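Structural characterization, general
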Amino acid sequence: MQNELPPLTAYSEEQRQTAMTKYHVIAPYLRSEKTLAVITVDTGIAKRTLQYWIRDYEQFGLKGLIRKTRSDAGKIHLDPEIVVAIEQLILKYRRNSLTSIH
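Reading guide: rules and limits
- Residues numbered from 1 in each chain as written.
- Predicted model: local features only at pLDDT ≥ 70, side-chain atom pairs only at ≥ 80, totals over all residues.
- Heavy atoms only, no water.
- Helix = DSSP H or I, 4+ residues; strand = E, 2+ residues; numbered from the N terminus.
- Buried < 20%, exposed > 50% of the residue type's maximum accessible area, 1.4 Å probe, protein only.
- Axes fitted to C-alpha atoms, helices over the stretch in contact; angles between N-to-C directions.
- Left-handed = near helix turned anticlockwise from the far one by under 90°.
- Contact = heavy atoms within 4.5 Å.
- Nonpolar A, V, L, I, M, F, W, Y, C, P; charged D, E, K, R; others polar.
- Polar contact = N/O pair within 3.5 Å; in protein donor to acceptor, adjacent residues only side chain to side chain.
- Salt bridge = Lys/Arg side-chain N within 4 Å of Asp/Glu carboxyl O.
- Lys, Arg positive; Asp, Glu negative; His and termini not counted.

This next bit is on the environment of Asp79. Its location among the elements puts Asp79 in the loop between α3 (47–60) and α4 (80–92). According to the relative accessible area criterion, Asp79 is partly exposed, its value standing at 45%. Between the C-alpha atoms of Asp79 and Gln15, which are 64 residues apart in sequence, the distance is 34 Å.

Okay, here's the thing in structure tokens:
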């Protein structure tokens with residue numbers, strides 16, 4: 001099941017450059033010039049990470065090497081009751097820092 005990714009032009013220049021950097025790391029493996037073990041030693045990047053990059057590149061091309069953003073990025077993952085309790089503590093102990101309340 002392939003997800004349809006937006007065209008490369010939909011991504012920022014920085015995202016495209018990062019994808020190209022990843023490609024340059026895995027390119028010797030794709031051309032059968034180096035093994036993953038050698039690339040791991042040369043770059044310090046975990047072998048499993050390289051395997052993910054190769055899989056994503058083979059499946060989606062350069063678009064596959066662009067880091068995906070989480071759909072829930074920036075959202076608070078707490079139950080509403082906990083949020084209310086925290087707010088009450090903050091209001092009750094206004095003179096204390098957030099660190100001490102924590």
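From this point, the discussion proceeds with the structure in view.
Contact geometry of helix α2 (residues 36–43) with α3 gives a least axis separation of 9 Å together with a crossing angle of 115°. Relative to α3, α2 is oriented so that their crossing is right-handed. On α3, the residues that touch Leu36, Ile39 and Thr40 of α2 are Lys47, Leu50, Gln51 and Ile54. A per-class count over the contact of α2 with α3 returns four nonpolar, two polar and one charged.

Summarising the element assignment, Asp56 is placed in helix α3. According to the relative accessible area criterion, Asp56 is buried, its value standing at 13%. A polar atom in the side chain of Asp56 sits 2.9 Å from the side chain of Arg55. Those residues in contact with Asp56 that lie beyond four places of it in its chain are Gly61, Gly64 and Lys68.

On to the pattern of salt bridges, then. Across all of its chains, the model carries four salt bridges by this definition. The salt bridge partner of Glu13 is Arg16, with a shortest N-O separation of 2.7 Å. With Glu13 and Arg16 both in helix α1 (residues 13–30) and three residues apart, the pair spans about one turn of that helix. Of the residues examined, Glu13 reaches a relative accessible area of 44% and is grouped as partly exposed. Owing to a relative accessible area of 26%, Arg16 belongs among the partly exposed residues under this scheme. A salt bridge links Asp42 to Lys34; the nearest nitrogen and oxygen atoms lie 3.1 Å apart. Relative accessible area serves as the criterion here: at 36%, Lys34 is assigned to the partly exposed category.

What follows concerns the side chain of Lys22. For Lys22, the position within the fold is in helix α1. In this structure Lys22 is buried but unpaired, with Asp56 as the nearest side chain of opposite charge at 7.1 Å. Among all residues touching Lys22, those that are not within four sequence positions of it are Trp53, Leu65 and Arg67.

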